[in-house]
Amino acid sequence: MSDSDATSSHDEFERWANVFTEHQAFSHPSELHGTLCGRLAAGSRLPQDQWLALVCEQMGLPTTAPEESEALSAFMIAAYDQTLTLLKASDMSFQPLMPDDDYAMEQRLQALSAWIRGFLEGLALEAGAGLGEAPEEIRELIEDLVAISQVSETEADGEESEQQLTEITEYVRLGALAVFTEYNPPEPRESKTLH
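In what follows, the accompanying structure is described.

Reading the values: the criteria
Residues numbered from 1 in each chain as written. Predicted model: local features only at pLDDT ≥ 70, side-chain atom pairs only at ≥ 80, totals over all residues. Heavy atoms only, no water. Axes fitted to C-alpha atoms, helices over the stretch in contact; angles between N-to-C directions. Helix = DSSP H or I, 4+ residues; strand = E, 2+ residues; numbered from the N terminus. Parallel < 35°, antiparallel > 145°, perpendicular 65-115°, else oblique. Left-handed = near helix turned anticlockwise from the far one by under 90°. Contact = heavy atoms within 4.5 Å. Nonpolar A, V, L, I, M, F, W, Y, C, P; charged D, E, K, R; others polar. Salt bridge = Lys/Arg side-chain N within 4 Å of Asp/Glu carboxyl O. Phe/Tyr/Trp six-rings, centres within 6.5 Å; stacked < 30°, edge-to-face > 60°. Buried < 20%, exposed > 50% of the residue type's maximum accessible area, 1.4 Å probe, protein only.

## A closer look at the packing of helix H6 (residues 105-127) against helix H8 (residues 159-183)
Helix-helix packing is characterised by the crossing angle of the two axes and by the distance between the axes. Where H6 meets H8, the closest approach of the two axes is 11 Å, and the angle between their N-to-C directions is 15°. As far as their axial angle goes, H8 and H6 are roughly parallel. Viewed along their axes, H6 and H8 form a crossing whose handedness is left-handed. Residue-level inspection shows Met-105, Arg-108, Leu-109, Leu-112, Trp-115, Ile-116, Phe-119 and Leu-123 of H6 in contact with H8, the latter providing Ser-161, Glu-162, Leu-165, Ile-168, Thr-169, Val-172, Ala-176 and Val-179. Considered class by class, the residues forming the contact of H6 with H8 number twelve nonpolar, two polar and two charged.

Here it is as structure tokens:
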């Protein structure tokens, strides 16, 4: 991952966090992003009204919030499109929505746990019982994600913890992409041959 990828994904967290703060949401932005990624990874595509209803439900907002706040609906519609585009990207530039290194280790662990919980919830909602028939590596990955999401947020700060968090986050990122690849057949490329 290049520095510019890291910077843009962390700026993205700030944008999501600002929207959550502005609307006094009681949930974590990483959890909503994880839920969206889990549903998309399982092969689902949400119509705009269904996505905005999910946003309201997760943020603890009235169902009328998207009509009342043009900024909220515009942000979330763009976020949906961007997330799907990044999951499909051949350069594997997708990143889970996480705060950057300026945040305390505890806050970053909390965000990672929230993202994984959301991802697993979204995956279970879409794939349901079918997950039992998933390839073994996907089932093992899901078990790993469950274990990671339960990691204590009281881990000590330090060089070793930083390294572990970086490695775990990368494992989660690649895992999400593996699930997406499993449940989303590649789209046919448009032929660029001129006849």
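Having seen it, we continue.
## Let's talk about the pattern of salt bridges
Taken as a whole and judged by the stated rule, the model has five salt bridges. Among the ionic contacts, a cluster of salt bridges with common partners joins Asp-101, Arg-108 and Glu-162.

## Things to note about the packing of aromatic side chains
This structure, assessed with the given rule, holds five aromatic pairs. A centroid spacing of 5.7 Å and a plane angle of 80° characterise the contact between Trp-16 and Phe-75, whose relative ring orientation is edge-to-face. Taken together, the residues span a long stretch of sequence, with Trp-16 in helix H1 (residues 3-22) and Phe-75 in helix H5 (residues 70-88) at a distance of 59 residues. Across the pair, exposure class does not vary: Trp-16 and Phe-75 are buried alike. Centroid distance Trp-115 to Phe-119: 5.1 Å. Interplanar angle 15°. Geometry classified as stacked. On the criterion of helical spacing, the pair formed by Trp-115 and Phe-119 is a turn pair, its members being four residues apart in helix H6. Three or more aromatic residues link up through ring pairs in this structure, and these residues are Phe-94, Trp-115 and Phe-119.

Read these as layout, nothing more, since geometry by itself doesn't imply function.
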